[in-house]
Amino acid sequence: VQLVESGGGLVQPGGSLRVSCAASGFTFSSYAMRWYRQAPGKERELVAAMGGAGGLTNYADSVKGRFAISRDNAKNTVYLQMNSLKPEDTAVYYCNVRRQLTDYWGQGTQVTVSS
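Notes on the structure follow. (Residues numbered from 1 in each chain as written. Predicted model: local features only at pLDDT ≥ 70, side-chain atom pairs only at ≥ 80, totals over all residues. Heavy atoms only, no water.)

Concerning the nonpolar core
The test is simple: Take the buried Ala, Val, Leu, Ile, Met, Phe, Trp, Tyr and Cys residues and link them wherever side-chain atoms come within 4.5 Å; each set so joined is a nonpolar core. Buried residues are those whose accessible area, probed at 1.4 Å on protein chains only, stays under 20% of the maximum for their type, while exposed residues exceed 50% and partly exposed ones sit between those limits. Each helix is a run of DSSP H or I of at least 4 residues and each strand a run of E of at least 2, with the numbering of both proceeding from the N terminus. Residues are treated as being in contact if the distance between any of their heavy atoms lies within 4.5 Å.
In terms of nonpolar packing, the biggest core is built from 28 residues, with Leu3, Trp35, Phe67, Leu80, Met82 and Tyr93 touching the most fellow members. Where this core is concerned, the elements lending two or more residues are strand 3 (17–24), strand 4 (33–38), strand 5 (45–50), strand 7 (67–72), strand 8 (77–82), strand 9 (91–99) and strand 11 (109–113). Aside from chain neighbours lying at most four places away, what touches Tyr93 is Glu5, Trp35, Tyr36, Arg37, Val47, Phe67, Leu80, Met82, Gly108, Thr109 and Val111.

A closer look at the state of the cysteines
The condition is simple: For this text, the term disulfide refers to a pair of cysteine sulfurs within 2.5 Å.
In total, this model carries one disulfide according to the counting rule given. Here Cys21 connects covalently by a disulfide to Cys95, the sulfurs 1.9 Å from one another. Between Cys21 and Cys95, the S-S torsion sits near 40°, and that sign places the bridge as right-handed. Here Cys21, found in strand 3, pairs with Cys95, found in strand 9; they are 74 residues apart in sequence, far enough to count as distant.

Some words on the pairing of strand 3
Definition in use: A pair of strands is labelled paired if DSSP reports no fewer than 2 bridges between them.
By the bridge criterion, five bridges tie strand 1 (residues 2–6) to strand 3 in an arrangement that is antiparallel. The residue bridging Ser6 from the neighbouring strand is Ser20, located in strand 3. Relative to strand 8, strand 3 runs antiparallel, the two being bridged by six bridges. Paired with Ala22 across the bridge in strand 8 is Thr77.

Following this line, the structure appears as structure tokens:
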């Protein structure tokens, strides 16, 4: 299993950013995918999740209405569209898949929201 995040960067408050996660090594469409984030000095938290078929989604209260998770099963890629970004969204963003009771993580991509 390999997960590779990309698309992070520096953005001003109120701006938008889309991060991507390219997956390989498993049947992508069969598994729910999740985005987590970890800010300095804080625990890793679940941000958004989407079922394998792409129908069911779940969001942390702090990002509801601002973030949107999506996936392209033909490209084995999951996305996180982040709008109306706030400084408190600053963190390393990780994608995750749980397969056969094992959690797999990418290397993470840094998102910094600052003026």
